Amino acid sequence: MFQGVKLTGKVGAVLLALLLAACQTAQAPSPSASSGTPAASTAVQTASLPAVGYAPATAQERGFSALVLDASTGEQLYAVDADAARFPASLTKMMTLYLLFEAVAEGRYSLSSPLTVSENAASQPPAKIGLKAGTTITVQQAARALSVRSANDVGVAVAENLAGSEAAFARQMTQQARALGLSRTRFVNATGLPDPGQVTTARDMAKLGLALKRRFPQYASYYRAKSFTYNGRTFKATNNLLGKVSGVNGLKTGYIRMSGYNLVATAQRGGKQLIVVVMGGKSESARDKEVTRLIETYS
């Protein structure tokens, strides 16, 4: 490689080091080349963005996506931009629940274990159940509050108790996402509150919903509950289709301005099980109408 070139003394050593570094840089594959996904855009800069090269840097605001899968076989029945980058909003809490249930399965917590509420958790914006700093909430109460009410104060409390901080928990969420095959998902918080670096796809959210129900079937009743009571207050489920659309038995809603209206819904009719994802709905009613149409069409 350096045939015919004689390098001596300190100057020669420096030149040799520079030549070797240049060669290594030229030969090293870029993250986008090795992952098969587009290179991260430099237009979005966020301090919370973990170094995860396989997920898009950000997503299209209020971009529409839809996906219908046979939940038993995984067969795709319908898709519109199912692999396009989207903001998950509170669909994020499916992963928060997954890690909470995993902690119980591993024996680190029980359903009756208390989770301490910090000032940071208590100060989260709605939706919330009004946790007070310095109090506790049990794991079971937290799981129900996340499933039914999509409570942000509870999501942060779970993250801080399980991982020490929300940022550390978000890294665990992203690691678990990759382990489950969610190849275009990055989490930077436990709630889905706005962050341009928190991205996913309709297909990844369908995979997560299926993984949550298959790995932890004992908690299926949490997702189909129409209400949740805590500290004397009753909170209505955010999933409007429960009890209104035949066969619907979960799973999770989501909304922030960046995302539009999202819903992952599971349904069972006549022995056929579906998982339906709609992201970027223009309104809550439009989202619910489209999910209902897809269930009716493919069941």
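My aim in this report is to walk through the structure given alongside it, one point at a time. None of the values given here were measured: they were computed from a predicted structure.

Topic: the pairing of strand E1 (residues 65-70)
Move 1: Taken across its six residues, E1 has six buried, putting it largely inside the fold.
Move 2: Going residue by residue along E1, you find Ser65, Leu67 and Leu69 tucked away on one face and Ala66, Val68 and Asp70 tucked away on the opposite face as well.
Move 3: Pairing of E1 with strand E2 (residues 76-80) involves four bridges; the strand directions are antiparallel. Across the sheet, residue Leu67 finds its bridge partner in E2, namely Ala79.

Description of the packing of aromatic side chains
Move 1: Summed over all chains, the structure comprises ten aromatic pairs.
Move 2: With a centroid separation of 5.1 Å and 75° between ring planes, the pair formed by Tyr98 and Phe216 is classed as edge-to-face. Here Tyr98, found in helix H3 (residues 93-105), pairs with Phe216, found in the loop between helix H8 (202-215) and helix H9 (220-224); they are 118 residues apart in sequence, far enough to count as distant.
Move 3: For Tyr98, a relative accessible area of 5% puts it in the buried group.
Move 4: The class for Phe216 is buried, based on a relative accessible area of 1%.
Move 5: Relative to Tyr219, the ring of Phe216 has its centre 6.4 Å away and its plane inclined at 45°; by these criteria the two rings are tilted.

The rules behind the values
- Here the residue numbers are simple positions, counted from 1 along each chain's written sequence.
- Note on the predicted model: pLDDT of at least 70 is required for a residue's local features to be given, and 80 or more for side-chain atom pairs to be given and counted; whole-chain, interface and lining totals, by contrast, use all residues.
- Hydrogen atoms and water are omitted, and side-chain values are computed over all heavy atoms in the structure.
- With a 1.4 Å probe rolled over the protein chains alone, any residue whose accessible area is under 20% of its type maximum counts as buried; one over 50% counts as exposed, and the rest are partly exposed.
- Only runs of H or I of at least four residues qualify as helices and only runs of E of at least two qualify as strands under DSSP, and these elements are numbered from the N terminus.
- For two strands to pair, DSSP has to find at least two bridges joining them.
- Stacked, edge-to-face and tilted labels apply to pairs of Phe, Tyr and Trp rings (six-membered ring for Trp) whose centres lie within 6.5 Å, assigned for plane angles under 30 degrees, over 60, and everything in between, in that order.

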